[in-house]
Amino acid sequence: MDQYIEFISNHPILSVAWVGILLLIISGWIKSKFSAVRQINPQQLTLLINRENGQVIDMRAQKEFNAGHIAGAEHLSPEKAKKSDFSHLEKYKSKPIILVCTTGMTASGTATAMHKAGFEQVSVLSGGMGAWQSASLPTTTGR
């Protein structure tokens, strides 16, 4: 215990940084546990599609979408996502929706906006298309 006190007194800035990082980790964990938007892996995505008729929404650029996407996915342009324009997705409001982007980072903000817009079950593919392809799961090309 004396070593901790000595370290804190000798390195106050580093000690404050460690406490700050610890608080950020804890708050992020708590936030994810109580969030209405779930992070799912590729296997859970497959189960949602097969068992609950889930709909995949791909948020990548049109060129990336055409190069390869999950079978049955609909495209949501990044511009429409930024404007929260989900009008063409209204038919999926009560279905499970899984948002997919390149890395899984961009889709989180859009998922929150969709939930606020009344979409009942919104999930995000953790790791995005990179995770899907790393799991050696199939993609389809074209429209």
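A quick note: this is a predicted structure, and the numbers were derived from the prediction, not measured.

Draft legend 1. Local environment of the nonpolar core. Of all hydrophobic cores here, the largest spans 17 residues; its most connected members are Met-59, Leu-76, Leu-89, Ile-97, Leu-99, Met-114 and Phe-119. Elements that contribute at least two residues to this core include exactly β4 (96–100), α6 (106–116) and β5 (121–125). For this core, the leading source of residues is α6, giving three residues. When residues no more than four places from it in sequence are discounted, the contact partners of Leu-89 are Ile-57, Glu-74, Leu-76, Met-114 and Phe-119. Val-56, Ile-70, Val-100 and Met-129 belong to the second-largest nonpolar core, a separate cluster that totals twelve residues.

Draft legend 2. Broad picture of the pattern of salt bridges. A complete count under the given rule lists three salt bridges for this structure. The residue Glu-74 makes a salt bridge to Lys-91 at a minimum N-O spacing of 3.9 Å. In this pair, Glu-74 sits in strand β3 (residues 74–75) while Lys-91 sits in the loop between α5 (78–82) and β4, placing the two residues 17 residues apart along the sequence. The partner of Lys-93 in a salt bridge is Glu-90, with the nearest N and O atoms 3.4 Å apart.

Draft legend 3. Up close: the sheet that holds strand β1 (residues 38–40). Judged by pairing direction, the sheet is parallel, and its five strands sit side by side in the order β1-β5-β4-β2-β3 without closing on themselves. Across the chains shown, the open sheet's two edge strands, defined by having one partner strand only, are β1 and β3. Each of β1, β2 (55–58), β4 and β5 is contacted by helix α3 (residues 42–52), which is oriented at about 105° to β1, the strand it contacts most. Running at roughly 180° to β5, α6 makes contact with β1, β4 and β5 of the sheet.

Rules of the game
Residues numbered from 1 in each chain as written. Predicted model: local features only at pLDDT ≥ 70, side-chain atom pairs only at ≥ 80, totals over all residues. Heavy atoms only, no water. Core = buried A, V, L, I, M, F, W, Y, C linked by side-chain atoms within 4.5 Å. Buried < 20%, exposed > 50% of the residue type's maximum accessible area, 1.4 Å probe, protein only. Helix = DSSP H or I, 4+ residues; strand = E, 2+ residues; numbered from the N terminus. Contact = heavy atoms within 4.5 Å. Salt bridge = Lys/Arg side-chain N within 4 Å of Asp/Glu carboxyl O. Pairing = 2+ DSSP bridges. Axes fitted to C-alpha atoms, helices over the stretch in contact; angles between N-to-C directions.

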